[in-house]
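Coordinate inspection notes
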Amino acid sequence: MKKYTKQMEAQFLEVYCNCCGRQLRTQKDMILEGAFPGHVQWGYFSEKDGEVHDFDLCESCYDKWIGSFRIPVEVKRENELL
Ligand SMILES: [Zn+2]
């Protein structure tokens, strides 16, 4: 869950893990640790047609979540973009 707070004209991003509730480390509008931004727009063939769901997970909750998958996530290495 992301929210912006205002302090003396400047905006600061606050991010909370929706699973464990922990506040993630941020600096201004940057997240300073691993985070999973979840976003899904449910469509016609779902039971949630028209709903948009947003959430954020800390890296540890993400690891627990994907650890419960029967088929592991595909892991690829991206070349660092400079
Ligand atoms: Zn968490």
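Going by the structure above, here's the rest.
Throughout this document, residue positions are counted from 1 along each chain, in the order its sequence is written. Since the coordinates come from a predicted model, pLDDT governs what is reported: local features require at least 70, and pairs of side-chain atoms require 80 or more to be given and counted, while whole-chain, interface and lining totals use all residues. With hydrogens and water stripped out, all remaining heavy atoms of the structure feed into the side-chain values.

For the protein chain, the helix and strand inventory stands at one helix and six strands. Strands are runs of DSSP state E lasting at least two residues, helices are runs of H or I lasting at least four, and both sets are numbered from the N terminus onward. Put simply, the protein chain runs from its N terminus to its C terminus through helices and strands in the order β-β-β-β-β-β-α. The C-alpha atoms of the protein chain give 16 Å as radius of gyration, which overshoots the globular expectation for 82 residues (12 Å, by more than 25%). C-alpha extents for the protein chain along the principal axes are approximately 45 × 35 × 30 Å. With 82 residues in all, the protein chain has 16% of them scored as buried. What the globule rule says is 2.2 Å times the number of residues to the power 0.38, and the radius of gyration is computed from C-alpha atoms. Think of it in three bands: with a 1.4 Å probe and only protein chains considered, a residue is buried below 20% of the maximum accessible area for its type, exposed above 50%, and partly exposed in between.

A carboxyl oxygen of Asp or Glu within 4 Å of a side-chain nitrogen of Lys or Arg is what we treat as a salt bridge. Counted under the stated rule, the structure contains five salt bridges. The shortest N-O distance in the salt bridge between R25 and E33 comes to 3.8 Å. R25 sits in the exposed class, given a relative accessible area of 52%. For E33, a relative accessible area of 19% gives the class buried.

What follows covers the nonpolar core. We define a nonpolar core as any set of buried Ala, Val, Leu, Ile, Met, Phe, Trp, Tyr and Cys residues linked to one another through side-chain atoms lying within 4.5 Å. Core analysis: the biggest nonpolar cluster contains seven residues, these being L13, V15, C17, L24, L57, C58 and C61. Of all the secondary-structure elements, those providing two or more residues to this core are β2 (10–15) and β6 (52–58). Residue contacts follow a heavy-atom distance rule, with two residues in contact if any of their heavy atoms lie within 4.5 Å. Beyond its immediate sequence surroundings of up to four residues, L13 is in contact with K2, K3, Y4, T26, K28, D29, M30 and I31.

Turning our eyes to something else, we now look at the coordination of the zinc ion. Only nitrogen, oxygen and sulfur atoms count as donors, using a 2.8 Å cut-off from the metal that widens to 3.2 Å for Na, K and Ca. Water is left out, so coordination shells may look unfilled. Taken together, C17 (SG), C20 (SG), C58 (SG) and C61 (SG) make up the protein donors of the zinc ion, found 2.3 to 2.4 Å from the metal. Each of the four donor atoms bound to the zinc ion contributes to angles spanning 102 to 116°, and the resulting shape is tetrahedral. Counting gaps between the donor residues of the zinc ion yields the pattern C-x2-C-x37-C-x2-C. Judged by its relative accessible area of 6%, C61 falls in the buried class. Angle rules define the geometry names used: all angles between 85 and 135 degrees makes four donors tetrahedral, while opposite donors over 155 degrees apart and all other angles between 65 and 115 make four donors square planar and six octahedral, leaving every other case irregular.

Next up on the list: unusual backbone geometry. Even without being glycine, K28 reaches a positive phi, approximately 50°. Tracing the chain through its elements places K28 in the loop between β3 (26–27) and β4 (30–31). We classify K28 as exposed; its relative accessible area is 56%.

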